[in-house]
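One-letter residues, chain by chain:
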Amino acid sequence: MADTSPEKLSPIGLHKALDRVWRTGPGWQRLSAVNHTVLGKRFMLTAFAFFTIGGLLAMLIRAQLATPDAAFVGPEIYNQLFSMHGTVMMFLFAIPMLEGLAIYLLPKMLGARDLAFPRLTAYGYWCYLFGGTIIVVSMLFGVAPNSGWFMYTPLSSQPYTPGINADIWLLGVTFVEISAVSAAVEITVSILKLRAPGMSLDRMPLFAWYMLVTALMMVFGFPPLILGSILLELERAFDLPFFDPTRGGDALLWQHLFWLFGHPEVYIIFLPAAGALSTIIPVFAQRQIVGYHAIIAAIVALAFLSFGLWVHHMFTVGIPHLALAFFSVASALVAIPTAVQIFAWLATLAHGKPRFDIPMLYVTGFFLVFVIGGLTGVMLAMVPFDQQAHDSYFVVAHLHYVLVGGFVFPMLAAIYYWLPHITGRETVHRISVPAFWLIFIGFNLTFFMMHLTGLMGMPRRIYTYPSNFGWDWLNLLSSVGGFILTMGFALFAVDMILQFRFGRGFRRNIWKASTLDWAMPTRPASYAFASLPSIDTRADAIDPDRLGPQLAAGQGYLGFVRQGRMETLGVDMTTGRLEHVVVLPNPTYLPLISAGLTGVMVLCLLFKLYPVAAVFALATLVSFFFWSARSGSRVDEGPIDVGRGEKAPPDTEVEGPTQWWAMVFALAANGTLFASLVFGALYLWLVAPAWPPTEIVAPNLWVIAAAVLLTAGALVMRMTDGLNRAGKAFIPMLAMTLTVDMAVLGVLSMAVFLLPDPTSHAHAATVAALIGYGWLHAFGGLMFGLNGLLKARNGYVSPRRSLDLRLARLWHDYTAVTGVLGMALVLLMPSLIGMLEGVR
């Protein structure tokens, strides 16, 4: 039994000891940062830099469209400009900005010291930075994406976009999206498991609820786009015809996969901003939020409805009338949960004693702008109107009213509200008000005119237009408004800089808020809380001025330093009951190294250096083994002191630690990707032209053997875990698991080798994709088994410390289920094609 007695210190000594453990060193050591406060600020600052780039691209677009028959830029450059503007704003600004805000705030609002996986946060940041840089730098070489931020096929297919422009989008965005999914998993697990003891789900602040729902939407909403990007890149690189209608593919499959991501994306962007509003409005209304439980029900309903709206963007592609009616009704219904939130905010203001400050200016701007965007959204939900306005500037106006009104205005309010928390200084208000009015007037002048040009028939995505349609003066006003808007944002940026330089310092809770994030000195310390609180009421109704000094004096949980470890608490997911102690990793360069290797792999794929890319993929995988090498404990500690007279076991000795739940949610995202692949295969079989194929992939014994071996591998891994739990020798059984995994790889390799040419028809291509999916996951099972073997040999596994084996078991179970389903679909495809032949 290890000595785990805590080091008892005075309050000042406690702060110094915690800072020694949690802080990030100076100079080059900053690159090793894993602290959520540092990384949250990095995400937000980088997102703002990309926002600046996207705004400059928008100004170039408006300069081109200011007058008819303009020759400011040509059609090729214009295509790159509007493609990059949409890509930067959607993928490099909006999602990372909300991630950064969540990463910075959530531990502070939930009463924790950090997120569940600090190294994963750091890896996600570096992937975001490298992926975004690849996309943006492409503009300097004239090879930026030029097929639109939506990358519709067949325009983005190899025959019509032969350079690397589309590959940069596909690989860069996939790189960034994988980072976003990892952040979503971390946010989900952190909210569910790393809350202050006593903070049950019905006591969480609304911002945490919004971020929980948003993160779950990202877990299930992003994989279809990741799959679509992979399939399109496979088509471009290896000629696999998933979207080629002449060989059994269908260009509309891309639209389905894209909008399965794209429409939930709108609400993924809106919900965190709405969470900020639900936090800010009660503070300035000086009363609790009205309709706490109604808002929670509304955001859950909004999340569910958002996944049934993707065809809302495809009303003109030839959808059957019954489907049009269904999706039209669903598109209108989504306004109801949105309205519930808006009325709750208005009721809070109406029943409170509102005091106005700069954040409330932007809240007011949100109400005015977003409601207009919502009303035009209901208009576009009606099929007859949508068919008239589709692909016109009316849609551009609607999109910007929803996204800027629903995200940018609330985010500006959030920045003014929380920037004093980051800087420890009050806002300098001399130019805040002029900045708001320039932004508000400039935005409405820019985009309201687009409603009119759209109704007058101006199509979107055109680089010039003649002067005989009456669009001239409206476009000129839009361009003037765009430059006014830019001046407003420039003034806003200056205002932020002035606050850092000249703002007056303060210590705690400048806004007189009632959430935990203000129960700490500002700027926040590296360890957030000197001790962790116990919550016995709703976490948006506490008294930070009373609680803060108590926590700073070490009167809460973990008010000590134990063996130099970075510790926080894990709780039951629903009740908030204290469950275990979470030991977090210290600063390390491993996330930067792993992200750098991943970035080089992406560049090798971009330049078709596939053997070199495989080498860097393997090097990335090896780097992850170093992540795992020293995580965990070599001794059984049992329950340890957590303060306040209570004890709890470490996370290595409980059934449901954060790592296990992270695997569950990661596999849920993976399962969504697999379901999207199955959907794609069945969609092509049922809808695509050039079916049935001339050559049908016949069932073979290799596929059947693979299904049997995948099932056997899962069973043997379960036996391995069972032997360890029983205190018996398990390494021989684990070695057998590795042997079965290698056999699966060999069998699936033979199955792919014996396939007919996968470039001949989409049928063969989808079969190859299903088998390839199984191969990759069998390889993953081999890696998890090997990691378990290495950890066991180094003393990190025991009957009580079985996490590594349980993770390997979970992966093998998932691989067996999806593998058997995938192989079953491969075996059934000839019969399904036969049914198709009978019908046709």
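Criteria and thresholds
Residues numbered from 1 in each chain as written. Predicted model: local features only at pLDDT ≥ 70, side-chain atom pairs only at ≥ 80, totals over all residues. Heavy atoms only, no water. Helix = DSSP H or I, 4+ residues; strand = E, 2+ residues; numbered from the N terminus. Rg over C-alpha atoms; globule rule 2.2 N^0.38 Å. Buried < 20%, exposed > 50% of the residue type's maximum accessible area, 1.4 Å probe, protein only. Contact = heavy atoms within 4.5 Å. Areas by Shrake-Rupley, 256 points an atom, 1.4 Å probe, with all protein chains shown as cover. Lys, Arg positive; Asp, Glu negative; His and termini not counted. Charge placed at Lys NZ, Arg CZ, Asp CG, Glu CD. 1 Å grid on protein atoms, 1.4 Å probe; cavity = no way out; pocket = protein on both sides within 12 Å on 5 of 7 lines; lining within 4 Å. Points joined across faces, edges and corners; volume = space filled by probe spheres on them. Nonpolar A, V, L, I, M, F, W, Y, C, P; charged D, E, K, R; others polar. Patch = residues over 30% accessible without salt bridge, like charges linked within 9 Å, V, L, I, M, F, W, Y side chains within 5 Å. Salt bridge = Lys/Arg side-chain N within 4 Å of Asp/Glu carboxyl O. Polar contact = N/O pair within 3.5 Å; in protein donor to acceptor, adjacent residues only side chain to side chain. Expected span 1.5 Å × (residues − 1). Arc of directions from axis to C-beta. Core = buried A, V, L, I, M, F, W, Y, C linked by side-chain atoms within 4.5 Å. Pairing = 2+ DSSP bridges.

Caption draft 1: Region of interest: the overall build of the protein chain. A tally of regular secondary structure across the protein chain gives 24 helices and four strands. Taking 840 residues into account, the globule formula puts the C-alpha radius of gyration at 28 Å, and the protein chain, at 27 Å, falls close to it. C-alpha atoms of the protein chain, sized along the principal axes, occupy 80 × 75 × 45 Å. Relative to its 840 residues, the protein chain shows a buried fraction of 61%. By sequence separation, contacts in the protein chain at least 24 residues apart represent 82% of the contacts at least 6 residues apart. Approximately 30,800 Å² of the protein chain is accessible, and the part contributed by carbon and sulfur atoms is 70%. Side chains of the protein chain carry 49 positive and 45 negative charges; the gap between the two charge centres is 11 Å.

Caption draft 2: Summary view of empty space enclosed by the protein. Under the counting rule described, the total for this entry stands at six cavities of 30 Å³ or more. Considering only enclosed or pocket space, the largest cavity measures out at about 70 Å³ in volume. Listing elements by their share of the lining of the largest cavity, those giving two or more residues are α2 (36-65), α3 (75-110) and α14 (393-423). Counting residues per element, the lining of the largest cavity draws most heavily on α14, which supplies four residues. Looking at the lining of the largest cavity, its residues break down into nine nonpolar, no polar and no charged.

Caption draft 3: Just a nonpolar patch on the surface, in detail. A cluster of nonpolar side chains, Val329, Leu333, Ile336 and Val340, forms an exposed patch at the surface whose accessible area comes to about 310 Å². Of all elements in the fold, only α10 (321-333) and α11 (335-350) reach the threshold of two or more residues within the nonpolar patch. Along the polypeptide, Val329 turns up in helix α10. Among the residues examined, Val329 registers a relative accessible area of 48% and is labelled partly exposed.

Caption draft 4: Structural context of the layout of surface pockets. For the second largest pocket, the calculated volume is near 990 Å³. Forming the boundary of the second largest pocket are 40 residues, of which Ala58, His85, Met89, His400 and Phe447 lie nearest the centre. For the lining of the second largest pocket, the secondary-structure elements that each account for two or more residues are α2, α3, α14, α15 (432-455) and α16 (472-502). Per element, the largest residue contribution to the lining of the second largest pocket is nine residues, and it comes from α2. Residues that form the lining of the second largest pocket fall into these classes: 29 nonpolar, eight polar and three charged.

Caption draft 5: Representation of the side chain of His312. Looking at where His312 falls in the secondary structure, it is placed in the loop between α9 (292-306) and α10. A distance of 3.0 Å separates a polar atom in the side chain of His312 from a polar atom in the side chain of Ser331. Residues in contact with His312, not counting those within four places in the same chain, are His263, Ser331, Gly377, Leu380, Ala381 and Asp386.

Caption draft 6: Structural detail: unusual backbone geometry. Going from Thr153 to Pro154, the amide bond is cis rather than trans, its omega being 5°. Along the polypeptide, Pro154 turns up in the loop between α4 (118-137) and α5 (165-193). With an omega dihedral of 0°, the bond running from Trp691 to Pro692 counts as a cis peptide bond. Mapped onto the secondary structure, Pro692 falls in the loop between α20 (658-687) and α21 (701-725). Here the phi dihedral of Asp69 falls at roughly 55°; this positive angle occurs in a residue that is not glycine. Assignment of secondary structure puts Asp69 in the loop between α2 and α3.

Caption draft 7: View of α10. Its 13 residues give α10 an end-to-end C-alpha distance of 18 Å, which sits within 8% of 18 Å, the value for a rise of 1.5 Å per residue. Within the sequence span of α10, burial applies to Leu324, Phe327, Ser328, Ala330 and Ser331. Viewed end-on, α10 has its buried residues packed into an arc of 165°, placing them on one side of the element. Turned more than 90 degrees off the buried face of α10, the exposed positions are Leu322 and Phe326.

Caption draft 8: Expanded view of the environment of Gly774. Considering the arrangement of structural elements, one finds Gly774 in helix α23 (residues 762-793). The class of Gly774 is buried, set by a relative accessible area of 5%. Along the sequence, Gly774 and Val744 sit 30 residues apart, while their C-alpha atoms lie 9.0 Å from each other.

Caption draft 9: Representation of the pattern of salt bridges. Inspection of every chain in the model, using the stated rule, returns 21 salt bridges. Between Arg461 and Asp391 there is a salt bridge, with its nearest N and O atoms 3.2 Å apart. Taken together, the positions of Arg461 in the loop between α15 and α16 and Asp391 in the loop between α13 (383-389) and α14 put the pair 70 residues apart, joining distant regions of the chain. Overall, Arg461 belongs to the partly exposed group, its relative accessible area being 26%. One network of salt bridges, with partners in common, ties together Asp167, Glu233, Arg236 and Lys608.

Caption draft 10: Quick look at the nonpolar core. One finds Leu106, Trp254, Trp345, Tyr362 and Phe407 to be the most contacted residues of the largest nonpolar core, which totals 279 residues. Setting aside its immediate chain neighbours within four residues, Tyr362 contacts Phe409, Leu412, Ala413, Tyr416, Ser432, Ala435, Phe436 and Ile439.

Caption draft 11: Structural detail: the environment of Ala112. Considering the arrangement of structural elements, one finds Ala112 in the loop between α3 and α4. Taking C-alpha positions, Ala112 is 6.2 Å from Leu194, a pair spaced 82 residues apart along the chain. Look past the residues within four positions of Ala112 in its chain and what remains in contact with it is Pro107, Leu194, Ala528, Phe529, Leu532 and Thr568.

Caption draft 12: How the structure looks around the pairing of strand β1 (residues 566-571). Across the six residues that make up β1, a large majority, six, are buried. With six bridges connecting them, β1 and strand β2 (residues 578-584) associate as antiparallel partners. In the strand pairing of β2, Leu569 is matched with Val581. Hairpin connection between β1 and β2: a loop of six residues separates the two successive antiparallel strands, and Gly576 in this loop has a positive phi of roughly 75°.

Caption draft 13: Local environment of the pairing of strand β3 (residues 640-643). Where β3 and strand β4 (residues 646-648) come together, three bridges link them in antiparallel fashion. Note that in β4 the partner of Asp641 across the bridge is Lys647. Here β3 folds back onto β4, and the loop between the two strands holds two residues, one of which, Arg644, carries a positive phi near 55°.

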